[in-house]
Every structure is written in structure tokens, then in C-alpha cells.
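If you want the building blocks of each chain, they are given just below.
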Amino acid sequence: MSFPKKPGGKALDVLQNLPRITLANLRPEPGARKTLHKQHGGNRSGRGHKGERQRGNRPRLGFEGGQTPFYLAIPKYGYNEGHSRRPQYQPLSLKRLQYLIDLGRVDPTQPIDLTQLVNARGVTIQPLKRDYGVQLVDEGADIFASKINIEVQRASEGAVAAIERNGGVITTGFYDPISLGILIKPVPFFLRGQPIPKRMLPGEDMVPYYTDAENRGYLADPEKIQQARLALAKKYGYILPDISKDELYHMLAMRKDVRQIFFGLAPGWVVSMPEKKILKTTDEKLLKYYSS
Amino acid sequence: MAASMLCRRTAMLCRALKGLSCSKTVLSANSQSGFLLQTASYNPKPLKLNLREPYVPDKDSEKTPEWQKTARYDRKLFGRYGSASDIDPASLWPSHEQLDKIIAEEQEWHPPLEVMLKNIEAKEKQETEKRLAKEKLLAANMAKMPKMIADWRREKRETKHKLKEEKARRAKLLVEARERFGYAVDPRSPKFLEMVAEIEKEEKKKKKLMKRRLKEEQVVAPVTPPAASS
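Given the structure is predicted, the values throughout are model-derived calculations rather than measurements.

**Let's talk about the overall build of chain B**
Moving on, step 1. Assigned secondary structure in chain B consists of seven helices and zero strands.
Moving on, step 2. N-terminal to C-terminal, the α/β element order of chain B is α-α-α-α-α-α-α.
Moving on, step 3. Each of the 230 residues in chain B was classed as buried or not, and the buried ones make up 18%.
Moving on, step 4. Once local pairs closer than 6 in sequence are excluded, the contacts in chain B between residues at least 24 apart make up 18%.
Moving on, step 5. When the accessible surface of chain B is totalled, it reaches about 19700 Å², and 59% of it is carbon and sulfur.

**Brief notes about the sheet that holds strand E1 (residues 88-93) of chain A**
All names here are of chain A.
Moving on, step 1. As summarised here, the arrangement of the three strands in space is E1-E2-E4, forming an open sheet in which the pairing is parallel. With one partner strand each, in any of the chains shown, E1 and strand E4 (154-155) form the two edges of the open sheet.
Moving on, step 2. Pairing analysis gives six bridges linking E1 to strand E2 (residues 131-137), with the strands arranged parallel. Across the sheet, the residue bridging to Ser93 is Val137, located in E2.

**Focus on the layout of surface pockets**
Moving on, step 1. By volume, the second largest pocket is sized at about 970 Å³.
Moving on, step 2. Around the second largest pocket, the lining is made up of 36 residues, and of these Asp176, Ile178, Pro197, Lys198 and Met200 of chain A lie nearest the centre.
Moving on, step 3. Mapped onto the lining of the second largest pocket, the elements with two or more residues apiece are helix H7 (177-184) and helix H12 (284-290) of chain A together with helix H5 (96-109) of chain B.
Moving on, step 4. Taken together, the residues of the lining of the second largest pocket sort by class into 22 nonpolar, six polar and eight charged.

**A look at the side chain of Gln260 of chain A**
All names here are of chain A.
Moving on, step 1. Note on placement: Gln260 falls in the loop between helix H11 (249-252) and strand E6 (270-272).
Moving on, step 2. A residue is classified by how much of its surface remains accessible, and Gln260, at 1% relative accessible area, is buried.
Moving on, step 3. Among the polar contacts made by the side chain of Gln260, one reaches the main-chain carbonyl oxygen of Phe262 at a distance of 2.9 Å.

**Quick look at the interface of chain B and chain A**
Moving on, step 1. Counting residues at the interface gives 53 residues for chain B, matched by 59 residues for chain A.
Moving on, step 2. The junction of chain B with chain A conceals about 4800 Å² of combined surface from both sides, 68% of it contributed by carbon and sulfur atoms.
Moving on, step 3. If you look at where chain B meets chain A, you find three salt bridges.
Moving on, step 4. The salt bridge partner of Glu204 of chain A is Lys123 of chain B, with a shortest N-O separation of 3.2 Å.
Moving on, step 5. If you list the elements that add at least two residues to the side of chain B that touches chain A, you get helix H1 (2-6), helix H2 (11-21), helix H3 (26-33), helix H4 (71-81), H5 and helix H6 (113-181) of chain B.
Moving on, step 6. Here the side of chain B that touches chain A gets seven residues from one element, more than from any other, and that element is H2 of chain B.

**A short note on the packing of aromatic side chains**
Moving on, step 1. On inspection of all chains with the given rule, the structure shows nine aromatic pairs over all chains.
Moving on, step 2. Measuring from centroid to centroid gives 5.5 Å for Trp67 of chain B and Tyr73 of chain B, while their planes differ by 90 degrees, and the two rings are edge-to-face.
Moving on, step 3. Ring pairs connect the aromatic residues Tyr132, Phe174, Tyr209, Tyr210 and Tyr218 of chain A, which therefore count as one cluster.
Moving on, step 4. In this structure, Arg154 of chain A is placed above the aromatic ring of Tyr209 of chain A, and the distance from its NZ or CZ to the ring centre is 4.2 Å.
Moving on, step 5. The ring of Phe263 of chain A has Lys256 of chain A sitting right over it, with the charged end atom 5.4 Å from the ring centre.

**Some thoughts on the pattern of salt bridges**
All names here are of chain B.
Moving on, step 1. Evaluation of the coordinates by the stated rule reveals 20 salt bridges over all chains.
Moving on, step 2. Of the charged contacts, one joins Arg169 and Glu166 as a salt bridge, the two residues approaching to 3.3 Å between their closest N and O atoms. Placement of both Arg169 and Glu166 in helix H6 is noted, with a separation of three residues, approximately one turn of the helix.
Moving on, step 3. For Arg180, the salt bridge goes to Glu176, with nearest N and O atoms at 3.8 Å. Here Arg180 and its partner Glu176 are both found in helix H6, four residues apart, which amounts to about one turn of the helix.
Moving on, step 4. Taken together, the salt bridges that share partners define one network made up of Lys147, Asp151, Arg154 and Glu158.

**Some remarks on empty space enclosed by the protein**
A probe matching the size of a water molecule, rolled over the atoms, marks out where space remains unfilled.
Residue and element names in this part refer to chain A.
Moving on, step 1. For the structure shown, the criterion picks out two cavities of 30 Å³ or more.
Moving on, step 2. Counting residues per element, the lining of the largest cavity draws most heavily on strand E3 (residues 149-152), which supplies three residues.
Moving on, step 3. A class-by-class count of the residues in the lining of the largest cavity yields six nonpolar, two polar and three charged.

**Details of the domain arrangement of chain B**
Many descriptions give the size of an interface as the accessible area lost when the pieces come together.
Moving on, step 1. With domains assigned, chain B is organised as domain 1 (66-109) and domain 2 (127-204).
Moving on, step 2. The C-alpha-based centres of domain 1 of chain B and domain 2 of chain B are spaced at 91 Å.

**Topic: the pairing of E2 of chain A**
Moving on, step 1. Note: E2 of chain A against E4 of chain A, two bridges, orientation parallel. By the bridge assignment for E4 of chain A, Leu136 of chain A is matched with Ala155 of chain A.

**Re the environment of Glu176 of chain B**
Moving on, step 1. Relative accessible area serves as the criterion here: at 31%, Glu176 of chain B is assigned to the partly exposed category.
Moving on, step 2. Residues Glu176 of chain B and Asn141 of chain B, 35 residues apart in the sequence, show an inter-C-alpha distance of 51 Å.

**Comments concerning a positive patch on the surface**
Residue and element names in this part refer to chain B.
Moving on, step 1. Side chains of Lys201, Lys204, Lys205, Lys207, Lys208, Lys211, Arg212 and Lys215 sit close together on the surface and give a patch of like positive charge.
Moving on, step 2. When you line up the elements, Arg212 lands in helix H7 (residues 190-229).
Moving on, step 3. The class of Arg212 is exposed, set by a relative accessible area of 58%.

**A closer look at the environment of Ala84 of chain B**
Residues and elements named next belong to chain B.
Moving on, step 1. With respect to the helices and strands, Ala84 occurs in the loop between H4 and H5.
Moving on, step 2. Taking relative accessible area as the criterion, Ala84 reaches 41% and is therefore assigned partly exposed.
Moving on, step 3. Sequence separation of Ala84 and Tyr55 is 29 residues, and the distance between their C-alpha atoms is 10.0 Å.

**Brief notes about the UniProt feature "domain: Large ribosomal subunit protein uL15/eL18" (unreviewed entry) in chain A**
Moving on, step 1. UniProt records the feature "domain: Large ribosomal subunit protein uL15/eL18" (unreviewed entry) for residues 91-171 of chain A in the present numbering.
Moving on, step 2. The distance separating the terminal C-alpha atoms of residues 91-171 of chain A is 16 Å; by composition the span is 30% helix and 23% strand.

Calculation notes
- Residues numbered from 1 in each chain as written.
- Chains lettered and ligands numbered in written order.
- Predicted model: local features only at pLDDT ≥ 70, side-chain atom pairs only at ≥ 80, totals over all residues.
- Heavy atoms only, no water.
- Helix = DSSP H or I, 4+ residues; strand = E, 2+ residues; numbered from the N terminus.
- Buried < 20%, exposed > 50% of the residue type's maximum accessible area, 1.4 Å probe, protein only.
- Contact = heavy atoms within 4.5 Å.
- Areas by Shrake-Rupley, 256 points an atom, 1.4 Å probe, with all protein chains shown as cover.
- Pairing = 2+ DSSP bridges.
- 1 Å grid on protein atoms, 1.4 Å probe; cavity = no way out; pocket = protein on both sides within 12 Å on 5 of 7 lines; lining within 4 Å.
- Points joined across faces, edges and corners; volume = space filled by probe spheres on them.
- Nonpolar A, V, L, I, M, F, W, Y, C, P; charged D, E, K, R; others polar.
- Polar contact = N/O pair within 3.5 Å; in protein donor to acceptor, adjacent residues only side chain to side chain.
- Buried area = accessible area lost by both parts, 1.4 Å probe.
- Salt bridge = Lys/Arg side-chain N within 4 Å of Asp/Glu carboxyl O.
- Phe/Tyr/Trp six-rings, centres within 6.5 Å; stacked < 30°, edge-to-face > 60°.
- Lys NZ or Arg CZ within 6 Å of the ring centre and 35° of its normal.
- Domains from an automatic or database assignment.
- Patch = residues over 30% accessible without salt bridge, like charges linked within 9 Å, V, L, I, M, F, W, Y side chains within 5 Å.
- Lys, Arg positive; Asp, Glu negative; His and termini not counted.
- Charge placed at Lys NZ, Arg CZ, Asp CG, Glu CD.
- UniProt positions renumbered as here; feature names shortened; annotations may be inferred.

In C-alpha cells form, the structure reads like this:
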């Protein structure tokens, strides 16, 4: 009695037992790809017939035979004037954030900070290239479904709505460049042996943004923020979930102080990594400075 | 104690800080929440602190390079080796003089929030005032416009009318001259000008007579009614 043969047979065994297919395991069928070889030989070595082309005397790039070239004919206008002094914010889409949460790279049961995002390699911030932090973009707002407490530097209205719709909390906070450098790489900072500095306030041009409840700024009035939450819910047409009844309310309500860089660490403390200790100063003058 | 000084904003933050200082690890939070949430634990690069053979440069010898005797290097040593490097932790914070300098710099370059808000308000006020003044001016001028347009139109009509009249008068004079002299006289010739002067004189005389007559009538008219009434 012959047993019924397994469909697929040896091929199926091979597929099940060999390692996963990657680019390293694939190779095109011989004869499928024709390699393109460099030019070799030819009566004029591929240079054409007489003239500047063959003699290698072509004019500079952009020259149009004497006609005013395009790059000179167009009048100057200050579109890019001062571009290197403009603050930049690395975009973070809600789609990517959801991806990171789903893969477990970012923990939604703890407040999500720029440090957490950089640790998860979700964003790359370069403070030396005028990056002032991360901005939330509302791409993927329709598929976003996590309740998180997130702190970014800028957020679009759609992103704010998407996060609050799922019962989360979003805050926009300002980090001056030194604080930002410390925030994204805390361990090298602690190895420097310096006391944690206090976060500086935003400049006059950014103060209106961070004192506005619409942007959930960290300098704004908490009551106005609550009103703004309700207004946004009305505008986008969802019911604002009551986070005070949530079991994670304590975590969602965690917010950093205006001068604080890290949760749980205050300015003026020195963190000693080898001994896993925190050193705090007792001098009144220093304490007064660090707590002002 | 530093924590209490920071909590001047809201009570929430106070609770938050106290809460975090005694918060549990991630996994227990997961188990409390009920559902299992896998978190890929972040694998940091191992910190090579080299605690077995710490290199602490000899401050007194001349062979050590200058940059290893600076305060900055001392802080880095402390950061790497902790108390194994014999560095007084009190030197990590700025001294009183340095602190004074820092405070002065901050006062100059980083004004407090209230000052900044005031500046912003002042600027906004100025801008709105400017805008309102401009708009007021515009509105006032626009209100004047109909009258100005009517005036201008009237002026134009009058000048046109005057020109027409002038032309008609000249034509009449020419005709008059033609009749008098019998041939077309050039308006620039002295004859023509004499004729014009004569006509003007006659007209003046006529006007004077008319005025006298009107005056006499006016004198007669008020005298007769009182005479009639009385």
C-alpha cells in the first residue's frame, strides 16, 4: 500500500528546513542578466567627431553658448536666506510611532520622551545641525491606536487629535541645544561628570507657541489645555475619553517641570555611573541657582 | 529637597516626581495592566569603564601633559571612575565666582518668562496700533472720496464749459469783425484788437446802465410798498 504522496515533496522539505530567504541567498538565473561593459576601443575612443567634445575643451557647467544662463537669468530672492539659522524638527509620523510600539521598541506604559525614541532608534536627531527636536506628523493618524504619554517639540493638530482620541496625553516642550544634546545621549553626558544643567526657556519667537494651549505647550495653563482638548474633540468629531478614570492615569499625568531635562532627575545633580550614585550639592547658593 | 523646590508649577508634577522616584520596573507595570506587552529590551553598548586599572594622572609630576591637569579632565575622570579617582566631588560644581558669572550671564541673555511675555505683548500692541492707525487713515480717506470725485468731475465740466464758451465768443467776434470790415480779419492784427476793445467798452456801458436801472427799481420798489401800506 503506497501512502498518498505529500504534495510538493522534496521541494516542500527544502523550503521548510533551509534558512529564510534573504538577499544573501538569492542569485539570478544564469543568462537572465546581461552585464553592461565599459566602452573599449572605437575609432575615436567614444569621444565623438572633432570639436570641443573630442578635444576635451567643453565649457563650464551651466554655460549656454553665450546666452545668459538659467542660473544667472533668474533674479535673486531670499527664499533660502538664513536657512542655516532656522530651527529644524525631525518629523515622526504616527505610522512610525505605531510601528515602534508594535515591535516593542518603545514602551507605551511609560512616558515617551525623546530619549526613549532615540534609544529605540526611531528617530535620529543631530543637535549640531540646528535640530531642535522632533515633530509629530499626522501621517497614519487613522491607524494609530495606542494610549501613550508623549512629549515632543512640535505637533500638528491632526497628530494631537489622534493621540487624544485614543486616550493619550501629548505635550510640546522646548529643549535648548545643550539640553537636547544631553537628552539624546544621556550616558555620555553622565560620564562627563558635570552637574545636570537646567533647561533654558524658549526664545521670544517661540514663547507664543509654547504658551498656547492649542499646541499643548508646556508653559500653557492646564485649564486652558483641558478646554482645548474638548474643543479639538468637537472639531474632529470624537468623544474625548476621560483619562482620570484610567488605570494608567498616574503615568499619563507625569509631566516634566519647566527646568527639568530627565524624569526623576533634577538640575544640579551629578550622576556617577561607575558607582550608580547620585550626588547632590548642599550649598545654598548653588541650590538657589539650580532651582530658580 | 530639590524636588520640592521644583514643584512650584502644579501639584501634578509634585506627585509625578515622587511617584517616579519610587516607581517599579517595566515588567511589573505590564503585569498590572493585565495584557502582555512585549518590549524589546534596549541593548546598550557595554560601558567600558576600566575600573580595574584606572589611569589617574599625577598632578605634581611635570611629565603629565597640561590638559590632564585641568578641571574639565578632572570631571571626566570622576565621571568615568567615580570615587576611585581621588577627586573632591565638591569641585564638580561651579565655584562661587564662576556661579556669579553664570548668574550674570543668564540674567542678561535669558530673561524670565514674565519679561518675555511683556515684550511680546508690547510688540503686538505696537503692531496692532500701527495697523489700526493705517486702517483709520484709509477709512477717512475713502469717506472723503465721493466728495473729491464729485469736485473733480465738476472742475472738469467747468473747464470744458469755459473752453467752449471761449471758443464761441471768439467765433462771434470773428463774425462781428467780418461784418464790420467786410473781409476775414486776422485775430492777431491790431484792427481786430481795436474792434474787440470797442465792443468791450460798449458792453461795459450797457452793464452800468443796467445796474443803475436795477438800483432805481430797488429804491422805488421798497419806497412804494411802505407808502402803499401806510
